[in-house]
Amino acid sequence: MTSHQTPEREALYAALSGMHLSPLWQSLHTLVPPHPTAPYAAALWRYADIAPQMARAGEVITAHEAVRRVLVLENPALPGRSSITQSLYAGLQLILPGEVAPSHRHSQSALRFVIEGQGAYTTVAGERTTMHPGDFIITPSWTWHDHGNLGVDGVCEPVVWLDGLDIPMLRYFDSGFAENDTQDSQAVSRPEGQSFARYGYNMAPVKSLHQGATSPVFNYPYARSREALDLLSRTDAIDAWHGYKLCYTNPLTGGSPMPTMATFMQLLPKGFKGKRARSTDGTVYSVVEGHGKVTINAQVFDFAPRDTFVVPSWASVAFDCPQDDVVLFSFSDRPVQLAMGVLREQFLTD
């Protein structure tokens, strides 16, 4: 507890270091702090700056060569870690017309949030789904998946989506596995939309064969999410901190669609000036619609459509949308914190 050094203490510490021991009293306040002190920073990645580099990446390496042509959004305070928070990974993936990102699987859970472009698909466990901007798509842990861009309705253009994975979390537990498929594209064994037909209408088959903690619905279309937010904005009282905010759910359990990551969509109407809130789940945001400002602790970031920003654990966040309706997609490690009983939130009134 004290920083006062004596010859006897210095001799003790020297002996301990040679035995791979350390005195807890020298690090107790760091290990058990009075409040979270995230070692990563608030940051914003402007899509207008990233898009030219994505295009260059498309010129110098194919999706097949890269396996996944992704630019990792690396937190500036965590260089070399391929992490946007301590527990989460994020990156922007590009697939060009005619390309296939080959089939593989891994123990890490993944989400895709489509940023721009038409014509791509992803196939998960034999079911293919077409990707549209604003769609939230799940790749469950240890599930075969591949991506392609063959066009749809005569449209075939570069497609970019945000990848979110629990890579740092599994790296911490040393529980990551991966396997490449024997073919680039899976054989499609189920018609597109079958999963949504079975589970996406507040009903489920009487004899459901679905197993695991991940939602049986793996594409949550933006058209439906946006419609729900619009209806709420016309019928519900607005929340002073979140605007109109919905969490995606697993229709079989009512919980998060993935066991390690929670996902959200929120609408901040034009003129919204939110109060400050903070929580222990560091959160990654993708701007779907509109321009505005976000204040993270004392830092102010201007954001535009397709930008990505991160709010660290226990950092206060407030939104200001003077000119546009703003729609935000976000994800965090909230399900894990809830399971551990450590999630804490605070809604500030000043």
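Parameters and conventions
Residues numbered from 1 in each chain as written. Predicted model: local features only at pLDDT ≥ 70, side-chain atom pairs only at ≥ 80, totals over all residues. Heavy atoms only, no water. Helix = DSSP H or I, 4+ residues; strand = E, 2+ residues; numbered from the N terminus. Rg over C-alpha atoms; globule rule 2.2 N^0.38 Å. Buried < 20%, exposed > 50% of the residue type's maximum accessible area, 1.4 Å probe, protein only. Areas by Shrake-Rupley, 256 points an atom, 1.4 Å probe, with all protein chains shown as cover. Lys, Arg positive; Asp, Glu negative; His and termini not counted. Charge placed at Lys NZ, Arg CZ, Asp CG, Glu CD. Phe/Tyr/Trp six-rings, centres within 6.5 Å; stacked < 30°, edge-to-face > 60°. Lys NZ or Arg CZ within 6 Å of the ring centre and 35° of its normal. UniProt positions renumbered as here; feature names shortened; annotations may be inferred. Salt bridge = Lys/Arg side-chain N within 4 Å of Asp/Glu carboxyl O. Pairing = 2+ DSSP bridges. Contact = heavy atoms within 4.5 Å. Axes fitted to C-alpha atoms, helices over the stretch in contact; angles between N-to-C directions. Expected span 1.5 Å × (residues − 1). Arc of directions from axis to C-beta.

Draft legend 1. Geometry of the overall build of the protein chain. Scanning the protein chain from terminus to terminus reveals eight helices and 23 strands. A globule of 350 residues ought to have a C-alpha radius of gyration of about 20 Å, and the protein chain, at 22 Å, matches this closely. Considering only C-alpha atoms, the protein chain reaches an extent of 80 × 50 × 50 Å along its principal axes. Residues classed as buried in the protein chain amount to 46% of the 350 residues present. Accessible area of the protein chain: about 17,400 Å², with a carbon and sulfur share of 56%. Positive and negative side-chain charges of the protein chain, numbering 26 and 34 respectively, have mean locations separated by a distance of 5 Å.

Draft legend 2. Inspection of the packing of aromatic side chains at higher detail. Taken as a whole and assessed by the stated rule, the structure comprises 14 aromatic pairs. Note on Phe136 and Tyr220: the rings are 5.2 Å apart at their centroids and 25° apart in plane angle, and the pair reads as stacked. Of this pair, Phe136 sits in strand E8 (residues 136-139) while Tyr220 sits in strand E12 (residues 219-220), and the two are 84 residues apart along the sequence. One exposure class covers both Phe136 and Tyr220, and it is buried. Between Tyr172 and Phe173 the ring centres are 5.2 Å apart and the planes differ by 80°, which places this aromatic pair in the edge-to-face class. Neither residue differs from the other here; Tyr172 and Phe173 are each classed as exposed. Members of the aromatic cluster, connected to one another through ring pairs, are Phe113, Phe136, Tyr220, Tyr248 and Phe329. Lying across the ring of Tyr121, Arg128 places its NZ or CZ 3.7 Å from the centre. The ring of Phe264 carries Lys245 above its face, with NZ or CZ at 4.7 Å from the centroid.

Draft legend 3. Quick look at the UniProt feature "domain: Cupin type-2" (unreviewed entry) in the protein chain. UniProt annotation of "domain: Cupin type-2" (unreviewed entry) refers to residues 92-151 when read in the numbering used here. For the annotated span residues 92-151, helix accounts for 0% and strand for 60% of the residues, and the straight-line distance between the end C-alpha atoms is 20 Å.

Draft legend 4. Broad picture of the pattern of salt bridges. Scanning all chains against the criterion turns up 13 salt bridges. Its salt-bridge partner being Arg69, residue Glu99 comes within 2.6 Å of it at the nearest N-O pair. Note that Glu99 is positioned in the loop between strand E3 (89-95) and strand E4 (100-106) and Arg69 in the loop between helix H4 (63-66) and strand E2 (70-72), a separation of 30 residues in sequence. For the residue pair Glu99 and Arg69, the accessibility class agrees, reading buried in each case. For Arg226, the salt bridge goes to Glu289, with nearest N and O atoms at 2.9 Å. With Arg226 in helix H7 (residues 222-235) and Glu289 in strand E17 (residues 283-289), this residue pair connects regions lying 63 residues apart in the sequence. Arg226 sits in the buried class, given a relative accessible area of 18%.

Draft legend 5. Spatial organisation of the sheet that holds E3. The sheet built from six strands is open, its strands ordered E2-E3-E10-E5-E8-E12 with antiparallel pairing. Whereas interior strands pair on both sides, the edge strands pair on one side only; in this sheet they are E2 and E12. Sheet topology note: the E2/E3 ladder contains three bridges and is antiparallel. By the bridge assignment, Leu71 is partnered in E3 with Leu92. Here helix H3 (residues 47-60) sits on the sheet in contact with E2, E3, strand E5 (110-116) and strand E10 (159-165), set at roughly 55° to E3.

Draft legend 6. Molecular detail of H3. Over its 14 residues, H3 runs 20 Å from end to end, which matches the ideal 20 Å to within 8%, given 1.5 Å per residue. Of the residues making up H3, those classed as buried are Tyr47, Ile50, Met54, Ala57 and Gly58. The buried residues of H3 all sit within an arc of 100° when viewed along its axis, so they share a single face. More than 90 degrees from the buried face of H3, the exposed residues found are Ala48, Asp49, Arg56, Glu59 and Val60.

Draft legend 7. Fine view of the sheet that holds strand E14 (residues 262-268). Pairing in this open sheet of six strands is antiparallel, and the strands run E1-E20-E17-E22-E14-E13 from one edge to the other. Each end of this open sheet is capped by a strand with a single partner; those strands are strand E1 (43-45) and strand E13 (244-247). Pairs of neighbouring strands in the sheet enclose a mean axial angle of 20°, with direction left out of account. For E14 and strand E22 (residues 326-332), the ladder comprises seven bridges, and the chain directions are antiparallel. Bridge pairing links Leu267 to Val327 in E22.

Draft legend 8. How the structure looks around H7. For H7, which comprises 14 residues, the first-to-last C-alpha distance of 20 Å matches the rise-based estimate of 20 Å (1.5 Å per residue) to within 8%. Buried within H7 we find Tyr222, Ser225, Arg226 and Leu229. Along H7, the residues classed as buried sweep out an arc of 95° about the axis, all on the same side. When the buried face of H7 is taken as reference, the exposed residues oriented beyond 90 degrees from it are Ala223, Glu227, Arg234 and Thr235. Turning to H7, the residues buried within the fold contact E12, E13, E14, E17 and E22.

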